[in-house]
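Each chain is listed here by its residues.
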There are 2 protein chains.
Amino acid sequence: MTTLADKFSTEPLPRSQTLAPVLLTAQDVRLAARAQTFTSPTSGLAPGYLQANLIILPSRYASDFRLLCARNPVPCPLIAESASTGCFNAVKSYIPGSPVASNLDIRCDAPRYMVYRDSQLVKAGCLDIIDEWSDDHVAFLIGCSFGFESALAAAGLPPRHTVMGKNVPMYRTNVPMCPAGVFSGSTYVVSMRPYKACDIEKVRRITRGYNATHGEPIAWGWDAVAKLGIGSIDQVQWGDAPVTLDGRPLGEMSGSEEELPVFWGCGVTPQEAVMRANLEGIVMGHAPGYMLVIDSQDDDIVKATYT
Amino acid sequence: MTTLADKFSTEPLPRSQTLAPVLLTAQDVRLAARAQTFTSPTSGLAPGYLQANLIILPSRYASDFRLLCARNPVPCPLIAESASTGCFNAVKSYIPGSPVASNLDIRCDAPRYMVYRDSQLVKAGCLDIIDEWSDDHVAFLIGCSFGFESALAAAGLPPRHTVMGKNVPMYRTNVPMCPAGVFSGSTYVVSMRPYKACDIEKVRRITRGYNATHGEPIAWGWDAVAKLGIGSIDQVQWGDAPVTLDGRPLGEMSGSEEELPVFWGCGVTPQEAVMRANLEGIVMGHAPGYMLVIDSQDDDIVKATYT
């Protein structure tokens with residue numbers, strides 16, 4: 001089975017040749033994407049604003065998907081959804097006190113999209129989904145771990161991939177999702193950032209509050225690699241293979257206390273679950289890396305903690 | 001390590017010799033437990049009312065435990081907690097529209113309790129915890145799968161253990177909990193009820209709405225036994241070993257479509273997680289099977305679905 005994310009690991013989308021304009025706010029990014037003057041990945045844009053994974057389903061699957069998120073909140077933190085079936089310009093927010101986005105058009109505010117028909121990819125990287133959107137569609141916004149990376153950097157613990165100018169390493173695991181209706185048989189996807197053994201409690205503490213963007217790690221240490229069912233730390237399923245600060249494969253550090261893999265729930269998980277469910281009809285999402293940037297700030301989700 | 005539940009699998013509590021009085025409502029059960037005229041297991045009492053697992057922690061662990069429940073809602077559905085630190089006679093309800101319990105004394109309304117000091121069991125099966133309760137304690141109420149068993153029976157699909165007059169079979173799995181602060185390194189505990197292959201979608205549908213009492217199954221079928229890391233279906237960790245309708249070990253049906261194991265998240269999970277966390281100070285809980293019966297009805301939690 002070819003999933004959305006596999007497609008991208010083998011066939012990268014064409015990047016816009018245009019230099020990115022100065023896009024400082026979430027609305028700047030959305031308006032530029034809507035005007036199709038910005039068609040590139042969103043990493044690093046509009047610092048401090050949250051970026052969201054986008055999953056758009058026929059309404060008959062909406063309640064099962066909502067339940068999937070409720071039962072698996074760590075890999076699938078639901079941030080918002082269409083205000084009503086068919087609504088593309090307003091969302092119900094699940095972040096207390098944060099409206100998520102005003103001046104929104106879900107059909108064209110992400111820089112690029114993917115379109116599936118009966119679980120087969122039919123368009124990759126298109127600039128809008130105006131023709132495909134119907135009054136029976138419901139859009140879901142899922143948190144993305146960009147939300148805690150700036151907090152780690154501010155604490156002197158920048159994620160390795162950001163230091164090296166690479167994409168975060170991501171892996172399939174054997175950790176089962178709790179099924180929900182049509183969504184069953186899928187497993188967690190995790191992202192990985194290496195840290196020293198002595199820094200792990202601090203890393204856990206910093207990311208703990210970011211419950212809408214996966215929160216604290218789900219596992220850490222070299223023994224976690226086998227426990228999660230990951231074959232080799234150097235063989236990623238998505239993103240770039242992890243490296244030491246001097247550029248060697250991270251696997252060379254295996255067993256050391258100086259560099260340990262630390263794993264978080266990952267926003268690719270719900271995309272995998274949707275693609276594995278063999279849904280009928282038109283399903284859409286953002287193109288991986290080409291996220292929907294929203295008006296909520298990193299801080300908004302820390303305020304909405306469970307403490 | 002001896003956990004709370006292990007203790008009970010080897011040393012059953014003394015059962016009261018008194019015949020159970022007629023206890024039709026949740027408040028009947030609570031008042032009889034408070035008066036110490038009822039000191040027996042609560043299974044089958046006050047039909048239609050929810051029964052809750054009880055976990056009582058020093059306040060410094062409360063926010064981590066709340067987060068543990070939020071990150072693992074299927075095995076740890078948080079129903080309510082003390083209205084404030086030290087409060088034993090009122091709770092904040094997390095079931096929308098249901099006050100959970102009025103006329104409540106958490107220190108004596110369950111028929112029997114367990115007390116741990118610095119993670120060592122110091123009292124098993126005591127009738128109240130009035131001496132141990134302090135103004136620094138917070139009580140948490142966790143859903144119990146009794147909540148959906150009557151719905152299964154009403155649909156002509158009574159759980160096997162209820163038909164045979166036994167306790168539900170329970171197993172440790174290798175499915176990791178998402179850690180939260182001091183609570184890390186624990187795994188899901190599951191309960192099991194066998195059903196025919198042709199009934200499983202119906203069983204999933206009936207239990208789906210009961211999200212505050214573990215909801216729909218997390219896995220089913222003979223291949224799920226190995227996938228969950230369960231050694232043998234006939235070797236339970238808690239409860240009674242599962243049997244066919246004519247009393248043979250369920251394992252003899254292995255591979256058949258006529259009797260498949262179906263696994264649900266189980267309320268023993270949070271107790272295990274608490275006992276594995278090596279907490280300091282006094283930790284308390286109900287004695288397994290001697291639940292806190294609450295005023296919320298089975299139907300209250302179905303109304304609070306995610307659809």
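Up top is the structure these notes are about.
Reading guide: rules and limits
Residues numbered from 1 in each chain as written. Chains lettered and ligands numbered in written order. Predicted model: local features only at pLDDT ≥ 70, side-chain atom pairs only at ≥ 80, totals over all residues. Heavy atoms only, no water. Salt bridge = Lys/Arg side-chain N within 4 Å of Asp/Glu carboxyl O. Helix = DSSP H or I, 4+ residues; strand = E, 2+ residues; numbered from the N terminus. Buried < 20%, exposed > 50% of the residue type's maximum accessible area, 1.4 Å probe, protein only. Pairing = 2+ DSSP bridges. Contact = heavy atoms within 4.5 Å. Axes fitted to C-alpha atoms, helices over the stretch in contact; angles between N-to-C directions. Phe/Tyr/Trp six-rings, centres within 6.5 Å; stacked < 30°, edge-to-face > 60°. Lys NZ or Arg CZ within 6 Å of the ring centre and 35° of its normal.

Draft legend 1. Here's a closer look at the pattern of salt bridges. All told, the structure shown has 32 salt bridges over all chains when counted by the stated rule. One salt bridge connects Arg34 of chain A with Asp109 of chain A, and the closest N-O pair in it is separated by 2.8 Å. Linking Arg34 of chain A in helix H2 (residues 26–34) with Asp109 of chain A in the loop between strand E3 (91–93) and strand E4 (113–117), this pair joins segments that are 75 residues apart in sequence. On the basis of relative accessible area, Asp109 of chain A is assigned to the buried category, the value being 0%. With a shortest N-O distance of 3.0 Å, Glu259 of chain B and Arg160 of chain B are connected by a salt bridge. Taken together, the residues span a long stretch of sequence, with Glu259 of chain B in the loop between helix H7 (223–227) and strand E10 (260–265) and Arg160 of chain B in helix H5 (residues 160–163) at a distance of 99 residues.

Draft legend 2. Layout of the sheet that holds strand E8 (residues 187–195) of chain B. All names here are of chain B. Strand order in the open sheet formed by four strands is E7-E8-E10-E9, and the pairing between neighbours is antiparallel. Of all the strands in the sheet, just strand E7 (170–176) and strand E9 (219–220) have a single pairing partner and so form its edges. Inspection of the sheet shows E8 paired to E10 by six bridges, in the antiparallel sense. Each residue of the ladder has a partner; that of Ser191, found in E10, is Trp264. Docked against the sheet, helix H6 (residues 200–208) engages E8, E9 and E10, running at close to 15 degrees with respect to E10.

Draft legend 3. Focus on the sheet that holds strand E10 (residues 260–265) of chain A. The strand order across the open sheet built from four strands is E7-E8-E10-E9 (chain A), with neighbouring strands paired in antiparallel fashion. In this open sheet, the two edge strands, each paired with only one partner strand, are strand E7 (170–176) and strand E9 (219–220) of chain A.

Draft legend 4. Fine view of the packing of aromatic side chains. Scanning the entire structure with this criterion turns up 10 aromatic pairs over all chains. Look at Phe148 of chain A and Trp264 of chain A: their rings are 5.3 Å apart centre to centre, the planes differ by 35 degrees, and that puts the pair in the tilted class. One end of the pair, Phe148 of chain A, is in helix H4 (residues 146–154); the other, Trp264 of chain A, is in strand E10, with 116 residues separating them in the sequence. A relative accessible area of 0% means that Phe148 of chain A is categorised as buried. Here the aromatic cluster, defined as three or more aromatic residues joined through ring pairs, consists of Phe65, Phe140 and Phe183 of chain A. The ring of Phe88 of chain B is capped by Arg107 of chain B, whose NZ or CZ atom sits 3.6 Å from the centre of that ring.

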